[in-house]
Amino acid sequence: IDLILQNQRFIAGDKLTEADVRLFVTLIRFDEVYDIYFKTNTRSVSKSPAVLNYVREIYQMDNVAKTVDMDMIKAHYYTSHVELNKYSIIPRGVNFVGLLNEPHNRES
């Protein structure tokens with residue numbers, strides 16, 4: 001994904017498609033949930049500049065940010081799988097949404 005986004009604006013080319021929407025909903029959860037919960041910590045969105053700026057651009061599109069409730073996302077994941085998190089501890093996290101509010105480096 002990182003290599004694709006280093007060379008083109010969206011997954012399938014220069015226009016936002018359903019593939020981008022589906023990828024966005026996965027990437028928005030990655031650093032705050034998957035990285036910790038599912039131990040997928042070999043790479044993170046925040047450490048991949050092309051991917052981070054891609055997520056930032058979509059997040060900053062009209063009406064997208066208001067659909068992202070990171071507290072709810074984290075509460076759902078960290079309390080729904082007792083076998084993975086016996087005490088339903090919800091980590092404070094890395095304030096990934098704060099990173100998304102920073103300017104992206106992609107042209108409009």
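Going by the structure above, here's the rest.
Residues numbered from 1 in each chain as written. Predicted model: local features only at pLDDT ≥ 70, side-chain atom pairs only at ≥ 80, totals over all residues. Heavy atoms only, no water.

(A) The arrangement of the environment of Lys47 in detail. In this structure, Lys47 sits in the loop between α2 (18-37) and α3 (49-59). Assessed through its relative accessible area of 69%, Lys47 is described here as exposed. With 16 residues separating them in the primary sequence, Lys47 and Asp31 have C-alpha atoms 9.6 Å apart. (Helix = DSSP H or I, 4+ residues; strand = E, 2+ residues; numbered from the N terminus. Buried < 20%, exposed > 50% of the residue type's maximum accessible area, 1.4 Å probe, protein only.)

(B) Focus on unusual backbone geometry. Even without a glycine there, the phi angle at Lys39 is positive, about 55°. For Asn63, which is not a glycine, the phi torsion comes out positive at approximately 70°. Its location among the elements puts Asn63 in the loop between α3 and α4 (70-80). Asn63 sits in the exposed class, given a relative accessible area of 51%.

(C) Focus on the nonpolar core. Core analysis: the biggest nonpolar cluster contains 27 residues, and Phe24, Ile28, Val45, Tyr54 and Val55 have the highest contact counts within it. When residues of this core are traced back to their parent elements, those giving at least two are α2, α3, α4 and α5 (96-100). With residues near it in sequence (within four places) discarded, Val55 still touches Phe24, Leu27, Ile28, Val45, Phe96 and Leu100. (Core = buried A, V, L, I, M, F, W, Y, C linked by side-chain atoms within 4.5 Å. Contact = heavy atoms within 4.5 Å.)

(D) Examining the pattern of salt bridges more closely. The full count for this structure, using the stated rule, is five salt bridges. Taking the shortest distance from any N to any O, the salt bridge between Glu57 and Arg9 comes out at 2.0 Å. In this pair, Glu57 is assigned in helix α3 and Arg9 in the loop between α1 (2-7) and α2, connecting sequence segments 48 residues apart. Assessed through its relative accessible area of 5%, Glu57 is described here as buried. Shared partners join several salt bridges into a network, and the residues in it are Arg9, Glu57 and Arg106. (Salt bridge = Lys/Arg side-chain N within 4 Å of Asp/Glu carboxyl O.)

(E) Quick look at the packing of α2 against α3. Following both chains from N to C, one finds α2 and α3 inclined at 110°, their axes separated by 10 Å at the closest point. Between α2 and α3, the angle is such that the two are roughly perpendicular. Residues Asp20, Leu23, Phe24, Leu27 and Ile28 of α2 pack against Val51, Tyr54, Val55, Ile58 and Tyr59 of α3. (Axes fitted to C-alpha atoms, helices over the stretch in contact; angles between N-to-C directions. Parallel < 35°, antiparallel > 145°, perpendicular 65-115°, else oblique.)

(F) Local environment of the environment of Tyr54. Within the secondary structure, Tyr54 sits in helix α3. Classification of Tyr54 as buried rests on a relative accessible area of 0%. With 50 residues separating them in the primary sequence, Tyr54 and His104 have C-alpha atoms 7.6 Å apart. When near neighbours in sequence (up to four residues on either side) are disregarded, Tyr54 contacts Leu5, Arg9, Phe10, Ile11, Asp20, Leu23, Leu27 and Arg106. Here Asp20 takes part through its side chain, which lies 2.7 Å from a polar atom of the side chain of Tyr54. (Polar contact = N/O pair within 3.5 Å; in protein donor to acceptor, adjacent residues only side chain to side chain.)

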